[in-house]
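Residues per chain, in single letters:
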Amino acid sequence: MKKAVSLMMAAAMTMGLAACGATASTDTAASAADATSTADTASGTEAAADSKVYRVGICQLVQHEALDAATQGFKDALVEKLGEGNVKFDEQNASGDSANCATIVNGFVSSNVDLILANATAPLQAAAQATADIPVLGTSVTDYATALDISDWTGTVGGNISGTSDLAPLDQQAAMIQELFPDAKTVGLLYCSAEPNSVYQCDVIEGYLTQEGYTVARYAFTDTNDVTSVAQTAADNSDVIYIPTDNTAASNTEAIANVVLPAKVPVVAGEEGICNGCGVATLSISYYDLGHATGEMAAKILAKGGDISTMPVEYAPNVTKKYNAANCEALGITPPDGYEAIG
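What you are looking at is a predicted structure, and each value in this text was computed from that prediction instead of being measured.

Student: I'm lost on the overall build of the protein chain in this one. Help?
Tutor: Counting secondary structure elements, the protein chain contains 13 helices and 13 strands. Within the protein chain, counting contacts between residues at least 6 apart in sequence, those at least 24 apart form 72% of the total.

Student: How should the sheet that holds strand β4 (residues 136-141) be read in this particular structure?
Tutor: Strands belonging to one sheet form pairs held by backbone hydrogen bonds; the direction of such a pair is parallel or antiparallel. The sheet built from 6 strands is open, its strands ordered β2-β1-β3-β4-β5-β11 with parallel pairing. This sheet does not close on itself; its edge strands, each paired only once, are β2 (87-93) and β11 (314-315). Alignment of strand β1 (residues 54-60) against strand β3 (residues 115-119), held across 5 bridges, turns out to be parallel. By the bridge assignment, Q60 is partnered in β3 with N119.

Student: What should I look at first to understand helix α7 (residues 196-211) in this one?
Tutor: With 16 residues, α7 extends 23 Å from end C-alpha to end C-alpha; this agrees with the ideal 22 Å at 1.5 Å per step. Within α7, burial applies to N197, S198, Q201, C202, I205 and L209. Note on α7: the residue one or two positions beyond its end, G213, has a positive phi of about 100 degrees.

Student: Teacher, can you tell me more about the side chain of E195 here?
Tutor: Relative to the elements of secondary structure, E195 occurs in the loop between β6 (186-192) and α7. Buried charge without a partner: E195 forms no salt bridge, and the closest opposite charge is R218, 13 Å away. A distance of 2.9 Å separates a polar atom in the side chain of E195 from the backbone nitrogen of N247. When residues no more than four places from it in sequence are discounted, the contact partners of E195 are D246, N247 and T248.

Student: Help me understand the environment of T164 in this model?
Tutor: With respect to the helices and strands, T164 occurs in strand β5 (residues 161-165). For the pair T164 and T142, spaced 22 residues apart in the sequence, the C-alpha separation amounts to 8.4 Å. Those residues within four positions of T164 in sequence are excluded, and the remaining contacts are G138, T139, S140, V141, Y144, L290, A293, T294, M297, V313 and E314.

Student: Would you mind going over the packing of helix α6 (residues 170-180) against α7 with me for this structure?
Tutor: Taken N-terminus to C-terminus, the directions of α6 and α7 make an angle of 50 degrees; their axes are 9 Å apart at the nearest point. The orientation of α6 with respect to α7, classified from their angle, is oblique. Crossing of α6 over α7 shows right-handed handedness. Only Q201, V204, I205, Y208 and L209 of α7 make contact with α6, whose side of the interface consists of L170, D171, Q173, A174 and I177. Residue composition of the contact of α6 with α7, grouped by class: 7 nonpolar, 2 polar and 1 charged.

Student: Where do I start with the pairing of β4 in this structure?
Tutor: Side-chain positions along a regular strand alternate between the two faces of the sheet. Of all 6 residues in β4, 6 are buried; the element is thus mostly enclosed. In this structure, β3 lies alongside β4, joined through 4 bridges in parallel fashion. By the bridge assignment for β4, A118 is matched with G138. A crossover connection joins β3 to the parallel β4 through helix α4 (residues 121-130); in handedness this β-α-β unit is right-handed. One ladder, built from 4 bridges, connects β4 with β5; its direction is parallel. Paired with G138 across the bridge in β5 is G163.

Student: Sorry if this is basic, but what is going on with the pairing of strand β12 (residues 320-323) here?
Tutor: Across 4 bridges, the pairing between strand β10 (residues 281-284) and β12 is antiparallel. Bridge assignment links L283 to a residue of β12, and that residue is K321. One ladder, built from 2 bridges, connects β12 with strand β13 (residues 340-341); its direction is parallel. Of the residues in β13, the one forming a bridge with Y323 is A341.

Cut-offs and rules
Residues numbered from 1 in each chain as written. Predicted model: local features only at pLDDT ≥ 70, side-chain atom pairs only at ≥ 80, totals over all residues. Heavy atoms only, no water. Helix = DSSP H or I, 4+ residues; strand = E, 2+ residues; numbered from the N terminus. Contact = heavy atoms within 4.5 Å. Pairing = 2+ DSSP bridges. Expected span 1.5 Å × (residues − 1). Buried < 20%, exposed > 50% of the residue type's maximum accessible area, 1.4 Å probe, protein only. Lys, Arg positive; Asp, Glu negative; His and termini not counted. Salt bridge = Lys/Arg side-chain N within 4 Å of Asp/Glu carboxyl O. Polar contact = N/O pair within 3.5 Å; in protein donor to acceptor, adjacent residues only side chain to side chain. Axes fitted to C-alpha atoms, helices over the stretch in contact; angles between N-to-C directions. Parallel < 35°, antiparallel > 145°, perpendicular 65-115°, else oblique. Left-handed = near helix turned anticlockwise from the far one by under 90°. Nonpolar A, V, L, I, M, F, W, Y, C, P; charged D, E, K, R; others polar. Right-handed = clockwise from strand over helix to strand, strands pointing away.

Note that every value here comes from positions in space, so none of it alone points to a role or purpose.
Below, the structure is given as structure tokens:
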């Protein structure tokens, strides 16, 4: 009798376990169905139905308006494409220090993130040194050939690297200086010598400005410590100053403005953030849109298996002539038709 009761209890327990298993299976199926339904109905998302969470490391060189906008555009695009719960960002700022870039990127590699965003040249160079396997997308990088020492540039980096460039046409920037200041004789190029892409821009625009008949001189600072003194020398010896898309300059626009505005020397800048701080005019791109385009590239790589090695570097689709109304008024400059006020 006891044996029979034991057998009956065992059978009941087995049925109970089977029932629990069936309930768990049903719940899992329902959850999967819900996840699939959510993935299918989420507007514009490209995340797989398994709701994989992608981990993306972001290394930004320094905090300033342009780079901040690029990072935000990148994040917004990935969230739009993958779904808010399907991507997690590890966002870190190197405070303008190349050594910090290396430390940050090596941390991303150690934690085996799915993709790295390198916002500016130094983070891109650090990422290129740190990994040949994890996809690396650059943004706010002017010239990839210069940044990565590529001699036979074809438009595609290859390997595990691609991204977007913030280069606005330098010939058009030189033409803008001629349009605004036809009577000027000397143009000073103010930039950070530690930023390879700033050096590249100065190399190129100097040729265009020389063709326009200007006498061109270079004034290079090495870091934030000598920005003011070098800017003063440039202002003392120039009719107009040109500043490229330089991160150190972008972080020190107030110091530059405190020199050039009292000296009545106008600054034409390579990007809107610098112009908004110390310039009078710029041929501007949208760094938010640039970052957004980079995020769309990332989504193709992560969710669709896109081959980064075949992706050409992309450029901003539009450029806009803009002016700083306050600085123009302070210097008595009236922009010609076709210029848009910043802000």
